[in-house]
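Structural overview
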Amino acid sequence: MPHPSMYRDDDPGLAELRKIALGFPEACEKISHGRPVFCAPKMFAIYGGSSKATGTMVGYPHAALIKVEESERRALQQDRRFFYPAYLGPSGWLGLDFDAAPVDWVEVGELIDASFRLVASQRLIRLLDGR
């Protein structure tokens, strides 16, 4: 049985996130667990998420999940816009809640760029740097 859809195409921030994520070499969008996931071919960004950090599941329907460098994690977690996502947090991912504050899309682009570089092949990174 497939997961129910957990987003709508007109959700806040989804169009902007799509534009950024699909601009990376060989990036594509697929739906996984009811959410848009951006891959090349490994996933580097997800729209929407949840957290169990407080012991109860809390949904963040308008958010971007991104992989972050361990050296950046502590600083980002000090910012109230970021959350530790359920399931992916232990693998080095954080979530950026689009509803917590006005979204800086340049910052989102930089975070997605860093996430892409953590999972992409060297060939894709060379393609990205060659632009």
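For every chain, the first residue of its written sequence is number 1, and the numbers climb from 1 along that sequence. Reporting of local features is limited, given that this is a predicted model, to residues whose pLDDT is at least 70; pairs of side-chain atoms are given and counted only at 80 or more, and all residues count toward the totals for whole chains, interfaces and linings. Only heavy atoms go into the side-chain values, all of them from the structure, while hydrogens and water stay out.

**Section: the pairing of strand S4 (residues 58–67)**
- Examined bridge by bridge, strand S3 (residues 43–51) and S4 share six bridges and lie antiparallel to one another. Each bridged residue has a counterpart across the sheet, and for Ser51 the counterpart in S4 is Val58.
- Bridging between S4 and strand S6 (residues 93–97) involves five bridges; their strand directions are antiparallel. Bridging across to S6, Leu65 finds its partner in Gly95. Should DSSP find at least two bridges between two strands, the strands are taken to pair. Helix numbers and strand numbers start at the N terminus; a helix is a DSSP run of H or I with at least 4 residues, a strand a run of E with at least 2.

**Brief notes about the pattern of salt bridges**
- In the sections that follow, a salt bridge refers to a side-chain nitrogen of Lys or Arg positioned within 4 Å of a carboxyl oxygen of Asp or Glu. Tallying each qualifying case throughout the model produces nine salt bridges.
- One salt bridge in this structure joins Arg8 and Asp10, with 3.0 Å as the shortest N-O distance.
- Three labels apply to residues, based on accessible area from a 1.4 Å probe with only protein chains included: buried if under 20% of the type maximum, exposed if over 50%, partly exposed otherwise in between. Here Asp10 falls in the exposed class, since its relative accessible area comes to 55%.
- Glu26 is paired through a salt bridge with Arg123; the nearest N and O atoms lie 2.9 Å apart. Of this pair, Glu26 sits in the loop between helix H1 (14–21) and strand S1 (28–32) while Arg123 sits in helix H4 (residues 122–129), and the two are 97 residues apart along the sequence.
- Exposure remark for Glu26: the relative accessible area of 49% places this residue in the partly exposed category.
- Under the relative-accessibility criterion, Arg123 is labelled partly exposed at 41%.
- One network of salt bridges, in which partners are shared, links Asp9, Arg18 and Glu29.

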